[in-house]
Amino acid sequence: MSPAARPAPTDAPVHEVIRHRWSPRAFEDRPVEPEKLRSLFEAARWAASSYNGQPWNFIVATKDDPATYNRILESFHEFNQGWAKNAPVIALSVAALNFQHDGQPNRHAFHDVGQAAANLANEATHLGLQIHQMAGILPDKARELFHIPDGYEAVAGIAIGYPGEANSLPGQLREREVAPRQRKPVSSFVFGGEWGKPSPLVVAKN
Ligand SMILES: Cc1cc2nc3c(=O)[nH]c(=O)nc-3n(C[C@H](O)[C@H](O)[C@H](O)COP(=O)(O)O)c2cc1C
């Protein structure tokens with residue numbers, strides 16, 4: 001297990017990969033093996049999607065390709081640039097907004113890009129890596145810098161690498177890196193016959 005491990009304190013047993021996935025802002029200064037990168041995008045490829053439309057696209061670069069790496073970084077908000085610039089690999093996910101088979105709008109395009117990203121995240125954890133996704137991006141900047149065509153939209157930034165030492169981060173970020181991980185209880189979002197009322201299926205019986 002990595003020294004930067006932050007296993008989730010779950011209320012029910014879950015797969016180890018899910019327990020150990022988390023979103024670091026500190027990354028080791030160590031490249032990611034190309035075969036591992038291929039496995040990450042292979043995992044994304046095998047996500048489920050509405051009509052098997054596979055609306056996900058990714059723009060990705062390692063530090064070995066500074067021209068592309070820097071354009072991806074420029075597509076992130078300043079706050080995210082501050083820490084993501086230390087990740088050895090960065091990426092942007094881009095959704096195809098319309099189905100290829102009939103050109104109709106795909107209401108689940110972002111949903112399915114998220115599923116591909118979740119697959120990627122879990123595969124990363126399995127390989128000893130972690131990813132950190134970012135809503136804080138500049139979609140118009142990404143469109144301009146990468147000539148993203150109409151009908152496609154940048155969804156999220158992604159930093160990928162081996163989790164590093166929290167001490168490498170400045171004050172507040174360092175604190176957030178090691179703070180206890182928190183989630184709402186399952187009973188607050190899984191309902192039964194009435195909206196807002198916890199399903200008896202998820203209420204613990206003592
Ligand atoms: C779609 C998405 C957007 C996010 N945007 C940002 C972001 O812009 N900046 C950031 O530092 N973290 C961002 N995060 C990371 C979340 O804050 C993080 O996933 C959440 O706090 C839960 O922590 P965990 O992933 O370690 O379990 C984002 C995560 C997701 C999935």
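Anything mentioned here points back to the structure above.
Here's what I pulled together on the structure shown here.

Some points on the site of the ligand
Close contacts around the ligand come from 14 residues, with Ser23, Arg25, His132, Ala135 and Arg181 the closest. Contacts to the ligand include Gln133, whose backbone N or O atom sits 3.0 Å from a nitrogen atom. For the ligand, whose free accessible area comes to 620 Å², the fraction covered by protein is 63%. Sorting the residues of the shell around the ligand by element identifies α4 (78-84) and β3 (130-134) as the ones contributing at least two each. Among the residues forming the shell around the ligand, the class breakdown is five nonpolar, five polar and four charged.

What about the packing of aromatic side chains?
Under the counting rule described, the total for this entry stands at three aromatic pairs. Pairing Tyr51 with Phe99 gives two aromatic rings, centres 5.1 Å apart and planes at 75°, and the pair type is edge-to-face. Taken as a pair, Tyr51 in the loop between α2 (34-45) and β1 (56-62) and Phe99 in the loop between β2 (89-96) and α5 (109-126) lie far apart in primary sequence, 48 residues in all. Residue classification places Tyr51 among the exposed positions, given a relative accessible area of 67%.

Some remarks on the sheet that holds β3
Across the sheet, which stays open at both edges, the four strands sit in the order β1-β2-β4-β3 with antiparallel pairing between neighbours. Edge positions in the open sheet fall to β1 and β3, since each of these has one partner strand only. Each neighbouring strand pair of the sheet contributes to a mean axis angle of 25°, computed without reference to strand direction. This element, α2, spans β1, β2 and β4 (152-161) of the sheet and lies at about 170° to β1. Relative to β4, helix α6 (residues 139-146) is tilted by about 90°, and along the sheet it contacts β1, β2 and β4.

What counts and what doesn't
- Residues numbered from 1 in each chain as written.
- Predicted model: local features only at pLDDT ≥ 70, side-chain atom pairs only at ≥ 80, totals over all residues.
- Heavy atoms only, no water.
- Near = heavy atom within 4 Å.
- Polar contact = N/O pair within 3.5 Å; in protein donor to acceptor, adjacent residues only side chain to side chain.
- Areas by Shrake-Rupley, 256 points an atom, 1.4 Å probe, with all protein chains shown as cover.
- Helix = DSSP H or I, 4+ residues; strand = E, 2+ residues; numbered from the N terminus.
- Nonpolar A, V, L, I, M, F, W, Y, C, P; charged D, E, K, R; others polar.
- Phe/Tyr/Trp six-rings, centres within 6.5 Å; stacked < 30°, edge-to-face > 60°.
- Buried < 20%, exposed > 50% of the residue type's maximum accessible area, 1.4 Å probe, protein only.
- Pairing = 2+ DSSP bridges.
- Axes fitted to C-alpha atoms, helices over the stretch in contact; angles between N-to-C directions.
- Contact = heavy atoms within 4.5 Å.

So far we have only geometry, and geometry alone does not tell us how the molecule works.
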